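# A structural walkthrough
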Amino acid sequence: MIALALRAASDAPAPFVTRLSLQAESEPALSHFLACTQAGSLWSGTQGLFEVASAAEDLIGDVVLVDPFEGRADRLIRSASRHNTLLVTEQCDQLCAMCSQPPKKTHVDRFDLLEQASLLADQGITIGISGGEPTLHRARLFSMLESVLEARPDLNFHVLSNGQHFTAEDALRLRSPCYRNVVWGIPIYAADAASHDAIVGKAGAFERLMASFAHLLRAGARIELRTVLSSSTAERLDTLASFIVRDLAHIEQWSVMGLENIGFARNRWNELHLDLRRDFHAVGKALDRANLHGIRPRLFNIPLCHVPAAYRSYAVASISDWKQRFSDKCAPCAARPECSGFFEWHPPELVDEVFPL
Amino acid sequence: MVEGELGRLSHKFAVQRRRFHPGELDYLILVPTLRCNLACSYCQVSRAAEGASGYDWSDGTRDAVIDLVRQTRSGHLKIEFQGGEPTLRCDLIEAVIGAVPPHVEASFVICTNLQHVPPEAAALFDRDDVSISTSLDGPRLHHARQRGQDDAASEAFEQNIDRLLAQYGSRKVSALPTLDPRSPPDPDELIDAYARRGMTAIYLRPINYQGFARRQHADCRTTDTRWLEYHETFIRRLIYRNWKDRNICLEENYFSLLLRRIFRPGEDRHVDLRNPNPFGTDFIVIDHDGLAYPTDEARMLARAGIIDLSIGNIRQGWNTPARDALNAVSTCDGDPDCEACTYKPFCGRDIVDDISRYGTIDIPRRETEFCRRHLHLFDLAFELIHSPDPAIQYSLCRWLGLGGDRLPAGGLS
Ligand code: SF4
Ligand code: SF4
Ligand code: SF4
């Protein structure tokens, strides 16, 4: 596991964002390496000196948010990684059974800092935006996306949203060409309101979601649908696939994802967890149905050896580098480069249930 | 069905997705030379002799093609080099490849008879973005007869194709049989000629008698029903063989295309089967003399002196009255037969085919060869889709790229 939050010390009067470079450069948003210290590395920038508890070579090129009061440096955008996600709020209006990041009541507005960070990103990368629910702060979010993309049309954003807040007015705004660089990742768990609402813990959520989809379709927004696999979604997955190919055929991708043993799901793991090696039938049929009708289904977060050979082409090595792990028994496996592996927090007794290919 | 707004919008979207909406120009067929080192009996191109002059791009044409490629606006580009024998002018191929802007993801297909592979051609073949397409008409005797070749010449071809297959595999080297609908080879012998080489995709293409070939086979104005039967038999043989030997999965490209069009709206990359089918939009053919044609068939009709369907040229472009005249009728919409046809959402319009066979587009659609062929193939497709036979279901799933062995029930949602 790669640490994303590091201990740090700084005398700056307020939290700041900077990009770490090896050599001193004239660009004021950059800080440069000064020396190795006992705790890690010492850096210098427009905000003065600061120390980060990690070796310099691991940090070069990273965009960090240094918070002098918390004594912390968050590695917001890591140069070497394809998995960079900015958390814009911890508030949410749903309570999903499998939420990996259970919501909090309070909101700390960091949009300005996150905007600065995005502007410092490497050329052409995709930056993830997540929460909580980012669209609870829609005006701030849209402004951030628009101003970053105006200055940096090479960047792309992937925004995770529960799709509970899009309005007809938003649809007009989202038609702006800069939103060609934005994909909205939106969860849907079932094709019927009762099941979906029960899973997301909010009455009326399905209906509101459908209204949002209509607005987004009008806007020509790019959508990735996301369905977490659990014992409660798997049996309805094929019905959901039928619904998607008929009524949501404009989406770019349907991501069917393995459950994470973290957050809310942790307490109900035994009840929710689905063993695909025992029964892949319902999932396979749903994936095939989507594919048959030209929807791109992808299977995320499932180790390849848990997927029947004929369906492995749907699987992607998806788990972010910083939370990915393999079993010792994976060592001889030829498929490892293409395999998602497991989440760092997957139950240890299950991590060893692998069958090297 | 979702009531209300989303249902209404997604229905509109579904209807539009069944129609072709042209994008930026991203597919070129280029004929750098009309000269060829062979003289196949069916050659549709009225080729020129290898030593003839005046049948290659002029410097002006070459520069204009290069400009066109440089100005590519699409993010991807496919260029097919046809001839004649394009490997006689590898220098022109290299110049075109070199003109692709860096942000464009390009792939190139060199259509060659593989009679000789000069070193310049071998170097081009070695590029990752280049693939090779050739003709393989079936078993040796059959192939040789169609080409009017002796054994040594056929052997040279076979050595070349087999060597390239061994070197690059069947992903890069593909072949098409050119078939005389009056005397096609035995399906299994044809399949064997491909399967034996690890080539799994076969595109059954009956000779369309026009151009040079039209003069030689004047009796072949319509493909008779024997061809339809042959095509169907061929598909059924593939199904049988795929079921018996799971190690290799054979397919016929055109039938697979029809299947995909049935299930997947928006499958519009096959330029001869889409509706409406406006010419000179995402696709253009540039001949050896710089003339622009709407399709390769149209180029051959002009070559054969049957009708000039050129819509412009490489220097002045093809935004011309000639193109508009063709485009006004290049659609199934409004045709009484098509409008009443259950297959219309999957079918398309190929006016060049009608013109080549009948000299006019003004005949009832259901009396055209195009319509008869497509009705037959769509009938067959639906019969197979609804068949409970596991062997049939198995092949359909493979051809559609599914993981399971049976189409999901109620698949035509
Ligand atoms: S998973 Fe559900 S509860 Fe958690 S943040 Fe997303 S929408 Fe909110
Ligand atoms: S053995 Fe390990 S690396 Fe191989 S497929 Fe299974 S989980 Fe992945
Ligand atoms: S099968 Fe014939 S009638 Fe039906 S759409 Fe095609 S061309 Fe028209």
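To keep things clear, this report deals only with the structure shown in the data block. Because the structure is predicted, anything quoted here is derived from the model rather than measured.

Once that is clear, we can look at the pattern of salt bridges. Opposite charge on two side chains permits pairing when their charged atoms draw close. Throughout the structure, instances matching the rule amount to 58 salt bridges over all chains. Note that Arg277 of chain A and Asp275 of chain A form a salt bridge whose closest N and O atoms lie 3.1 Å from each other. The class of Arg277 of chain A is partly exposed, set by a relative accessible area of 29%. What makes Asp275 of chain A buried here is its relative accessible area of 17%. One salt bridge connects Asp192 of chain B with Arg241 of chain B, and the closest N-O pair in it is separated by 2.8 Å.

Further remarks concern the packing of helix α6 (residues 205–219) of chain A against helix α1 (residues 4–17) of chain B. Here α6 of chain A crosses α1 of chain B at 35 degrees, and the two axes come no closer than 8 Å. Between α6 of chain A and α1 of chain B lies a crossing whose hand is left-handed. Taking contact as the criterion, the partners of Met210, Phe213, Ala214, Leu217 and Arg218 of chain A in α6 of chain A are, on α1 of chain B, Glu5, Leu6, Arg8, Leu9, Ser10 and Phe13 of chain B. Of the residues assigned to the contact of α6 of chain A with α1 of chain B, the class counts are 7 nonpolar, 1 polar and 3 charged.

What follows deals with the side chain of Ser10 of chain B. Residue placement: Ser10 of chain B occurs in helix α1. The buried category is assigned to Ser10 of chain B, whose relative accessible area is 3%. In this structure the side chain of Ser10 of chain B is engaged in a polar contact, spanning 3.0 Å, whose partner is the side chain of Asp247 of chain A. Setting aside its immediate chain neighbours within four residues, Ser10 of chain B contacts Leu217, Arg246 and Asp247 of chain A.

Let us look at the environment of Ala195 of chain B. All names here are of chain B. The topology assignment puts Ala195 in helix α7 (residues 187–195). On the basis of relative accessibility, which here comes to 18%, the residue Ala195 falls in the buried class. C-alpha separation for the pair Ala195 and Leu250, spaced 55 residues apart in sequence, amounts to 7.7 Å. Ignoring sequence-local partners within four residues, the contact set of Ala195 consists of Arg241, Ile248 and Leu250.

For ligand 1, the full set of nearby residues is Cys92, Gln94, Leu95, Cys96, Cys99, Gly132 and Asn162 of chain A. When its residues are assigned to classes, the shell around ligand 1 shows 4 nonpolar, 3 polar and no charged.

Residue and element names in this part refer to chain B. Near ligand 3 the following residues occur: Asp337, Cys338, Cys341, Lys344, Cys347, Arg365, Cys371 and Leu375. Of all the elements in the fold, those that place two or more residues in the shell around ligand 3 are α13 (336–339) and α15 (369–385). For the shell around ligand 3, the per-class residue count stands at 5 nonpolar, no polar and 3 charged.

On to the interface of chain A and chain B, then. Counting from both sides, the interface comprises 22 residues of chain A and, opposite them, 25 residues of chain B. For the pair chain A and chain B, the two sides together bury roughly 2,000 Å², of which 60% comes from carbon and sulfur. Scanning the region where chain A abuts chain B turns up 1 salt bridge. Across the pair Glu5 of chain B and Arg218 of chain A runs a salt bridge whose closest N-O atoms are separated by 2.6 Å. At the level of elements, α6, α8 (237–247) and α11 (281–292) of chain A are the ones that each hand at least two residues to the side of chain A that touches chain B. The residue inventory of the side of chain A that touches chain B, partitioned by class, reads 12 nonpolar, 4 polar and 6 charged.

Residue and element names in this part refer to chain B. The terminal C-alpha atoms of helix α6 (residues 151–168) lie 25 Å apart, and with 18 residues this matches the ideal 26 Å at 1.5 Å per residue to within 8%. Of the positions making up α6, those classed as buried are Ser154, Phe157, Glu158, Asn160, Ile161, Leu164 and Leu165. All buried residues of α6 lie within an arc of 160 degrees about the axis, which places them on one face of the element. In this structure, α6 carries Ala152, Gln159 and Ala166 as exposed residues pointing more than 90 degrees from its buried face. Elements that come into contact with the buried residues of α6 comprise α4 (119–125), β6 (130–135), α5 (140–147) and β7 (173–176). Positive backbone phi, at 85 degrees, marks Gly169, one or two positions downstream of α6.

Attention now goes to the sheet that holds strand β10 (residues 156–160) of chain A. All names here are of chain A. Spatially, 7 strands are ordered β8-β9-β10-β11-β12-β13-β14 in an open sheet, and the strand pairing comes out parallel. With one partner strand each, in any of the chains shown, β8 (85–87) and β14 (297–300) form the two edges of the open sheet. Going from strand to strand, the sheet's axes swing by 25 degrees on average, the running direction of each strand aside. α8 contacts β12 (222–228) and β13 (253–257) of the sheet and is inclined by roughly 170 degrees relative to β13.

Packed helix pairs are specified by the crossing angle of their axes together with the interaxial distance, meaning the distance between the axes. Residues and elements named next belong to chain A. It is at 8 Å that the axes of helix α5 (residues 193–200) and α6 come closest, and there the two elements cross at 105 degrees. As the angle between them shows, α5 and α6 are arranged roughly perpendicular. Residues Ala193, His196, Asp197 and Val200 of α5 form the contact with α6, whose participating residues are Ala205, Phe206 and Leu209.

Rules behind the numbers
Residues numbered from 1 in each chain as written. Chains lettered and ligands numbered in written order. Predicted model: local features only at pLDDT ≥ 70, side-chain atom pairs only at ≥ 80, totals over all residues. Heavy atoms only, no water. Salt bridge = Lys/Arg side-chain N within 4 Å of Asp/Glu carboxyl O. Buried < 20%, exposed > 50% of the residue type's maximum accessible area, 1.4 Å probe, protein only. Axes fitted to C-alpha atoms, helices over the stretch in contact; angles between N-to-C directions. Helix = DSSP H or I, 4+ residues; strand = E, 2+ residues; numbered from the N terminus. Left-handed = near helix turned anticlockwise from the far one by under 90°. Contact = heavy atoms within 4.5 Å. Nonpolar A, V, L, I, M, F, W, Y, C, P; charged D, E, K, R; others polar. Polar contact = N/O pair within 3.5 Å; in protein donor to acceptor, adjacent residues only side chain to side chain. Near = heavy atom within 4 Å. Buried area = accessible area lost by both parts, 1.4 Å probe. Expected span 1.5 Å × (residues − 1). Arc of directions from axis to C-beta. Pairing = 2+ DSSP bridges. Parallel < 35°, antiparallel > 145°, perpendicular 65-115°, else oblique.

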